[in-house]
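Read off the chains here:
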Amino acid sequence: MVSKPYQWVDGAVLEEHSRKKHKVLAEYFRRYLLERCKAPIHRHFRLAVVDGFAGAGVYDGGEEGSPLIFLSTLIDTVAEINVTRAAQNMPSVEVHCLFLMNDANRDAVELLKTNIAPLVYQAQQPGTGIELQIQFECGEFEAMLPTFQAAIEAKKCRNIIYNLDQCGYSQVERDTITRLLASEKSVELFYTYSIQSLLTYLSQADPESLRRNLRHLGAGIDWKMVPEGMVNKTEWLGAIERLVFDVFRRCAPFVSPFSIHNPDGWRYWFIHFANADRARQVYNDVLHDNSSEQAHFGRAGLRMLAFNPEHEKGSLYLFDQSARATARDELPDDIARLIHEGGDTLLVSDFYRSIYNQTPAHSDDIHSAIMDSADLEVVTSSGGERRKAHTIGRDDIIRLKKQMSFNLG
C-alpha cells in the first residue's frame with residue numbers, strides 16, 4: 001500500500017515533511033557541488049541527476065519541487081564557485097550535467113516541462129559554466145531504469161545522484177537501491193520512506209500480511225528480529241522498524257538512519273545512501289546547519305545505534321546546540337575507546353570510515369573532541385603534532401598518549 005499520490009493538475013499541496021526535506025536536499029546539493037569542484041586542478045565536472053518521482057516541479061502556492069530545486073541550486077552554486085575562483089586567479093570550472101526527470105503521471109511530466117523551462121533557458125545561456133542536457137520520461141521508476149542507465153552511460157557520467165521521493169514505502173525495491181549504489185563508486189541516493197505508513201498497515205496477528213507488506217525489502221530480511229510470543233504493540237512495532245532499517249543499512253557503506261522530525265504527523269525516513277565517508281560527513285553537517293529538520297533517537301556519540309532502553313536513557317537528537325553539547329560530552333570517551341580497540345593508533349581516513357555510519361555528530365565536534373581529549377593526540381605523517389582541530393587532515397594519525405587519564409579496558 002502507498003500513500004495517495006499528488007494531484008498535480010489541481011495543484012499539489014506541499015506538506016511540512018516535504019518542505020523540510022527540500023531544505024536539506026538543496027543545501028546538501030550545494031555543498032556537494034562545492035566539495036566536488038574545490039580543487040584548482042578541476043576544470044570540468046560531469047554529473048547525472050536522476051529524479052525518479054519528479055512530479056510537476058511546482059506546488060500550489062508556487063513553492064519549488066525537487067526538479068527545480070536541483071536546477072536552481074546548480075545555477076547558483078556554479079556561479080558561486082566561479083566567482084570565488086576568479087577572485088583567487090583560478091581557472092573557472094564547467095559542470096556538464098545530465099538531468100533525467102521522470103514521473104509515472106504524464107500530466108505531471110507535461111506540467112514539469114513548462115515549469116522548469118525558464119530555469120533550463122537560464123542554465124543554457126553562455127557564460128553560466130553549465131553544459132545542461134535535460135531528458136523527460138514518463139513511467140514507473142523500476143521499469144524506466146534501463147532508459148536512465150543507457151542515457152548515463154552515453155554521457156559517460158560516473159558521478160550520479162538519485163532522488164527517489166516515492167509516495168509511501170514500496171515503489172522501489174531494496175535490491176534496486178543496492179544495485180544502483182554498486183553501479184559506480186561515486187553514486188549517492190536520497191530515498192523517502194514512509195515508515196509510519198508501513199507500520200500502520202501491519203498486523204501482529206497476521207504473519208502472511210507482514211511478509212506481503214515487507215516483500216519490497218527482498219530476501220535479506222532477518223525474521224529473527226520479529227518478537228515471538230506475547231509482546232505489546234509498541235515493542236512489536238519498534239522491532240519491525242529496526243528490522244526495516246537493518247535491511248537498508250546493508251545497501252551501501254554509509255546509510256543515514258535519520259527521520260524527518262514531524263511530531264504532529266506521520267514519520268518519514270529521508271535516507272541518504274553513499275559509498276564515501278566524506279559524503280556522510282557533509283550530510284551530517286548539513287543536518288546540523290538545518291537543526292530540527294531531521295531527528296535521531298538514541299545516543300549522540302559514536303555508537304548511535306547501540307542505544308539500549310533497558311540500560312541507558314535515550315533522547316531525541318535534533319541536530320541543535322543542545323544535541324551537539326550532548327555529543328561533545330560522549331565523543332571523547334567513545335573516540336578514545338575506538339582507538340584503543342584498534343591498538344593505539346589509527347589513520348584519520350580510516351577513523352572516518354569506521355565512524356561515519358555510527359554517528360550523527362558534526363565534524364567540528366568530532367575534531368574538537370579529539371584535540372580536547374586528555375588521552376589522544378594527533379600527529380602528521382612527518383611526525384609533527386597537530387594543535388588545532390580545524391587543521392586535522394585525512395593523512396594524519398590519531399594515537400593514544402602514553403599516560404592515560406583512565407582505564408579503557
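So, a few notes on the structure that sits alongside this text. (Residues numbered from 1 in each chain as written. Predicted model: local features only at pLDDT ≥ 70, side-chain atom pairs only at ≥ 80, totals over all residues. Heavy atoms only, no water.)

**Observations concerning helix α1 (residues 16-36)**
Part 1 of the argument: For α1, which comprises 21 residues, the first-to-last C-alpha distance of 30 Å matches the rise-based estimate of 30 Å (1.5 Å per residue) to within 8%.
Part 2 of the argument: What α1 keeps buried is the set His17, Ser18, Lys20, Lys21, His22, Val24, Leu25, Glu27, Tyr28, Phe29, Tyr32 and Leu33. (Helix = DSSP H or I, 4+ residues; strand = E, 2+ residues; numbered from the N terminus. Expected span 1.5 Å × (residues − 1). Buried < 20%, exposed > 50% of the residue type's maximum accessible area, 1.4 Å probe, protein only.)

**A word on the sheet that holds strand β11 (residues 345-347)**
Pairing between the strands of a sheet is mediated by backbone hydrogen bonds and can be parallel or antiparallel.
Part 1 of the argument: Reading across the sheet, the three strands line up as β11-β13-β12 and stay open at both edges, with antiparallel pairing between neighbours. Sheet topology places β11 and β12 (376-379) at the edges, where each strand pairs with a single neighbour. Strand-to-strand twist in this sheet, taken as the mean axis angle between neighbours without regard to direction, amounts to 20 degrees.
Part 2 of the argument: Against the sheet, helix α11 (residues 348-355) engages β11 and β13 (397-400), with an angle of about 85 degrees to β11. (Pairing = 2+ DSSP bridges. Axes fitted to C-alpha atoms, helices over the stretch in contact; angles between N-to-C directions. Contact = heavy atoms within 4.5 Å.)

**Brief notes about the nonpolar core**
General note: in soluble globular proteins, nonpolar side chains tend to be found buried as a group.
Part 1 of the argument: By size, the foremost hydrophobic cluster in this structure holds 47 residues, and its most contacted members are Phe141, Tyr162, Tyr191, Tyr193, Val244, Phe248 and Phe273.
Part 2 of the argument: Residue contacts for Tyr162: discarding those within four places in its chain leaves Val50, Phe141, Gln149, Ile152, Leu180, Val187, Glu188, Leu189 and Phe190.
Part 3 of the argument: Among the nonpolar cores identified, the runner-up in size contains 39 residues, and Cys37, Leu47, Ile81 and Phe99 belong to it. (Core = buried A, V, L, I, M, F, W, Y, C linked by side-chain atoms within 4.5 Å.)

**Looking at the packing of aromatic side chains**
Part 1 of the argument: For the coordinates displayed, the defined rule picks out 17 aromatic pairs.
Part 2 of the argument: Aromatic side chains Phe29 and Phe70 sit 5.1 Å apart centroid to centroid with 85 degrees between the ring planes, which places their arrangement in the edge-to-face category. Separated by 41 residues along the polypeptide, Phe29 in helix α1 and Phe70 in helix α2 (residues 66-87) bring together distant segments of the chain. Each member of the pair Phe29 and Phe70 is classed as buried.
Part 3 of the argument: Ring geometry for Tyr193 versus Trp269: centroids 5.9 Å apart, planes at 25 degrees, classification stacked. With Tyr193 in strand β5 (residues 186-193) and Trp269 in strand β8 (residues 268-274), the pair connects residues that are 76 residues apart, well separated along the chain.
Part 4 of the argument: Taking the relative accessible area as the measure of exposure, Tyr193 reaches 0% and is therefore buried.
Part 5 of the argument: Sitting over the ring of Trp223, Arg211 keeps its end group 4.3 Å from the ring centre. (Phe/Tyr/Trp six-rings, centres within 6.5 Å; stacked < 30°, edge-to-face > 60°. Lys NZ or Arg CZ within 6 Å of the ring centre and 35° of its normal.)

**A short note on the pattern of salt bridges**
Part 1 of the argument: Summed over all chains, the structure comprises 20 salt bridges.
Part 2 of the argument: Where Glu27 meets Arg31, a salt bridge forms, and the shortest distance between an N and an O atom there is 2.7 Å. Placement of both Glu27 and Arg31 in helix α1 is noted, with a separation of four residues, approximately one turn of the helix.
Part 3 of the argument: Note that Glu153 and Arg158 form a salt bridge whose closest N and O atoms lie 3.7 Å from each other.
Part 4 of the argument: Taking relative accessible area as the criterion, Glu153 reaches 46% and is therefore assigned partly exposed.
Part 5 of the argument: Take Arg158: its relative accessible area is 35%, and that puts it in the partly exposed class. (Salt bridge = Lys/Arg side-chain N within 4 Å of Asp/Glu carboxyl O.)

**Some words on the pairing of strand β4 (residues 159-164)**
Part 1 of the argument: Of all six residues in β4, six are buried, a share of seventy percent or more.
Part 2 of the argument: With burial as the criterion, each face of β4 is covered, one bearing Asn159, Ile161 and Asn163 and the other bearing Ile160, Tyr162 and Leu164.
Part 3 of the argument: For strand β1 (residues 44-51) and β4, the ladder comprises four bridges, and the chain directions are parallel. Each bridged residue has a counterpart across the sheet, and for Ala48 the counterpart in β4 is Ile160.
Part 4 of the argument: Note: β4 against β5, six bridges, orientation parallel. From the neighbouring strand, Leu164 faces β5, where its bridge partner is Tyr191.
Part 5 of the argument: With helix α5 (residues 174-183) bridging β4 and its parallel neighbour β5, the resulting β-α-β unit is right-handed. (Right-handed = clockwise from strand over helix to strand, strands pointing away.)

**What to know about the environment of His362**
Part 1 of the argument: Tracing the sequence through the fold places His362 in the loop between α11 and α12 (363-372).
Part 2 of the argument: His362 sits 34 residues away from Arg328 along the chain, and the two C-alpha atoms are 9.6 Å apart.
Part 3 of the argument: Beyond its immediate stretch of four places on either side in the chain, His362 contacts Asp285, His288, Asp289 and Arg324.
Part 4 of the argument: Of the polar contacts made by the side chain of His362, one reaches the backbone nitrogen of Asp364; its length is 2.9 Å. (Polar contact = N/O pair within 3.5 Å; in protein donor to acceptor, adjacent residues only side chain to side chain.)

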